[in-house]
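Survey of secondary and tertiary structure
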Amino acid sequence: MTLPSRWLVLNLHVLPLQMISMVMVAVGIYARLMKHAEAAMACLAVDPAILLIVVGILMFLITFCGCIGSLRENICLLQTFSICLTVVFLLQLAAGVLGFVFSDKARGKVSEIINNAVVHYRDDLDLQNLIDYGQKEFSCCGGISYKDWSQNMYFNCTADNPSRERCSVPYSCCLHAADQAVINTMCGQGMQAMNYLEASEFIYTNGCIDKLVNWIHSNLFLLGGIALGLAIPQLVGILLSQILINQIKDQIKLQLYNQQHRADPWY
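Basis of the calculations
- Residues numbered from 1 in each chain as written.
- Predicted model: local features only at pLDDT ≥ 70, side-chain atom pairs only at ≥ 80, totals over all residues.
- Heavy atoms only, no water.
- Helix = DSSP H or I, 4+ residues; strand = E, 2+ residues; numbered from the N terminus.
- Buried < 20%, exposed > 50% of the residue type's maximum accessible area, 1.4 Å probe, protein only.
- Contact = heavy atoms within 4.5 Å.
- Areas by Shrake-Rupley, 256 points an atom, 1.4 Å probe, with all protein chains shown as cover.
- Phe/Tyr/Trp six-rings, centres within 6.5 Å; stacked < 30°, edge-to-face > 60°.
- Expected span 1.5 Å × (residues − 1).
- Arc of directions from axis to C-beta.
- Core = buried A, V, L, I, M, F, W, Y, C linked by side-chain atoms within 4.5 Å.
- Patch = residues over 30% accessible without salt bridge, like charges linked within 9 Å, V, L, I, M, F, W, Y side chains within 5 Å.
- Salt bridge = Lys/Arg side-chain N within 4 Å of Asp/Glu carboxyl O.

1. Here's the deal with the overall build of the chain
- On a plain count of helices and strands, the chain comes out with nine helices and zero strands.
- The order of helices and strands in the chain, counted from the N terminus, is α-α-α-α-α-α-α-α-α.
- Each of the 267 residues in the chain was classed as buried or not, and the buried ones make up 33%.
- Considering only contacts in the chain between residues 6 or more positions apart, those separated by 24 or more positions represent 68%.
- Entry remark: accessible area of the chain is about 16,700 Å², with carbon and sulfur atoms responsible for 68%.

This is the structure:
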């Protein structure tokens, strides 16, 4: 394959990722602008919009190096693109291995993230929707149990809590009938004051951490396939960029050789 064909293939590989990164940044910025400033600043660490913006910007910068580097045949940019993809691939590989080897510590980190999300549930609409979706999909409530919602200032069960949601849980914890047309958003009222047996008649009492861990264990092949699907484009990008770099270097060497061995200086 010739040099122009190589950079064309690389660009066709990189451009979709670049478009995806721009869409991610645009969605993240739009989500941030749609929020109230006070609520948006309250929990930046758990804001999905911030995560979209950061990941999108990083993806754009990496793919920009690959795209411009191939178009301009710039070895420096291509090397940067290749190194960044290699680092991302190694980080993903390390995260998977460490998560498997140190499963207890990974579980503790997941618990910390979920508990932090519970605390900031009412501070961020995107986070709230994400938690509600997770609790409904996994049929769970809270981190370890439904009583974890007492960590949230609005759902806290202490006597001095003036909130109307005192001792309650979000509606996404509630058991819903299949034929229920209208969702009762107040169905979790006072559930934390009940014991497990009483509350289990109205809400999910099991926490989301165990449900999430069980789901991961039962879907290892699916997660492995997704990881492989993410890894293959990265490996292809690394391979194509290295091949292109080597071809550019060979072309430079050939030009230098021709300049040094010209018989006719006016040729």
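2. With respect to the packing of aromatic side chains
- Per the stated rule, a full pass over the model turns up six aromatic pairs.
- Ring geometry for Y121 versus W149: centroids 4.9 Å apart, planes at 80°, classification edge-to-face. Note that Y121 is positioned in the loop between α5 (103-119) and α6 (125-138) and W149 in the loop between α6 and α7 (196-199), a separation of 28 residues in sequence.
- W149 gets classed as buried once you look at its relative accessible area, which sits at 0%.

3. Brief notes about α6
- Between its terminal C-alpha atoms α6 stretches 20 Å, which fits the 20 Å expected from 14 residues at 1.5 Å a residue.
- The complete set of buried residues in α6 reads L127, Q128, I131, D132, G134 and Q135. Projection of α6 onto a plane perpendicular to its axis shows the buried side chains occupying an angular sector of 165°, all on one side. Pointing more than 90 degrees away from the buried face of α6 are the exposed residues L125, L130, Y133 and E137.
- Just downstream of α6, S139 is the residue with a positive phi angle, here 55°.

4. So, the nonpolar core
- If you look at the biggest cluster of nonpolar residues, it comprises 18 residues, and the most contacted ones within it are I131, C141, Y146, W149, V169, C173 and I203.
- Listing elements by their share of this core, those giving two or more residues are α5 and α6.
- Residue contributions to this core peak at three residues, all from α5.
- Excluding residues within four positions of it along the chain, I131 makes contact with A117, V118, Y121 and W149.

5. What to know about helix α9 (residues 220-260)
- Along its 41 residues, α9 runs 59 Å from first to last C-alpha, staying within 8% of the 60 Å computed at 1.5 Å per residue.
- Of all the positions in α9, only A231, Q234, G237, I238, L240, S241, L244, I245 and I248 are classed as buried.

6. Digging into a nonpolar patch on the surface
- A cluster of nonpolar side chains, namely W215, I216, L220, L222, I226 and L230, defines an oily patch on the protein surface of about 550 Å² accessible area.
- Where the nonpolar patch is concerned, the elements lending two or more residues are α8 (208-218) and α9.
- Top contributing element to the nonpolar patch by residue count: α9, with four residues.
- As for its placement among the helices and strands, I226 is situated in helix α9.

7. Examining the pattern of salt bridges
- Overall, the coordinates contain one salt bridge when judged by the stated rule.
- Between R122 and E165 there is a salt bridge; the shortest N-O distance is 2.4 Å. Here R122 is found in the loop between α5 and α6, whereas its partner E165 is found in the loop between α6 and α7, with 43 residues between them in sequence.

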